[in-house]
Amino acid sequence: MEAKFIFWPVLAQVGLTVVIFIRLALVKTKARKTGDVDLSRRALHSDAWPDYVLQVTNNLRNQFEMPVLFYVIALLLWALDSVDVAALALAWFFVISRFLHAYIHTGSNIVKYRLAVFQIGAAALLGLFGLAVWALV
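Attention in this report is confined to the structure presented alongside it. Numbers given for residues are sequential positions, taken from 1 along each chain in its written order. With the structure being a predicted model, the display of local features is reserved for residues of pLDDT at least 70 and the display and counting of side-chain atom pairs for 80 or more, all residues being used for whole-chain, interface and lining totals. With hydrogens and water stripped out, all remaining heavy atoms of the structure feed into the side-chain values.

Overview of helix α2 (residues 51-62)
In step 1: With 12 residues, α2 extends 16 Å between its outermost C-alpha atoms, agreeing within 8% with the 16 Å of an ideal straight helix rising 1.5 Å per residue.
In step 2: For α2, the complete set of buried residues consists of Val53, Gln55, Val56, Asn59, Leu60 and Asn62.
In step 3: In this description, contact between two residues means that some pair of their heavy atoms is separated by no more than 4.5 Å. Numbering of helices and strands runs from the N terminus; a helix is a DSSP stretch of H or I covering at least four residues, while a strand is a stretch of E covering at least two. Where the residues of α2 are buried, they touch α1 (7-34), α3 (66-79) and α4 (85-106). Between the first and last residue of a helix there are one fewer steps than residues, each counted as 1.5 Å, and that sum is the expected span. Burial status follows relative accessibility: with a 1.4 Å probe on protein chains alone, a residue under 20% of its type maximum counts as buried, one over 50% as exposed, and anything between as partly exposed.

A closer look at the packing of α3 against helix α5 (residues 111-136)
In step 1: Angles run from 0 to 180 degrees between N-to-C directions of axes, and those axes are lines fitted to C-alpha atoms, restricted for helices to the stretch in contact. For the pair α3 and α5, the least separation of the axes is 10 Å and the interaxial angle reads 30°. Between α3 and α5, the crossing angle belongs to the class labelled roughly parallel. When you trace α3 past α5, the crossing you get is left-handed. Residues Met66, Leu69, Phe70, Ile73, Leu76 and Leu77 of α3 touch α5, and the partners they reach there are Phe118, Gly121, Ala122, Leu125, Leu128, Phe129, Leu131, Ala132 and Leu136. For this classification, under 35 degrees means roughly parallel, over 145 means roughly antiparallel, 65 to 115 means roughly perpendicular, and everything else is oblique. Less than a right angle of anticlockwise turn of the near helix away from the far helix marks a crossing as left-handed, whereas a clockwise turn marks it as right-handed.

What is shown is where atoms sit, not what they do.
And the structure:
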């Protein structure tokens, strides 16, 4: 198996982040057009924006939390030439969980479902971490 295959889920995760950036621009534009935002406070106060903008903003922030660890671990596995079927499966599992998390977070935002998907993704990331540690030992 080629180690470079680990970069497909990495690119998918980066793509998700780009999509969330675009979605944020769209919902902010909508909020400005409909008058749902306090224009005098928007630059410094997140509560100036309506909830539907905050949902997307919070999700974008999430894309720079656990996924950053994923990027580091993916690069580490690649550098150690330790990308195997298990690593690829866990990487895709993590990324799919992030897509589902983003879908729930920016949509219905039902916390119990969002939390369950988050925990599944965290378990996949923990598995990747374990593989990276094993590769170093």
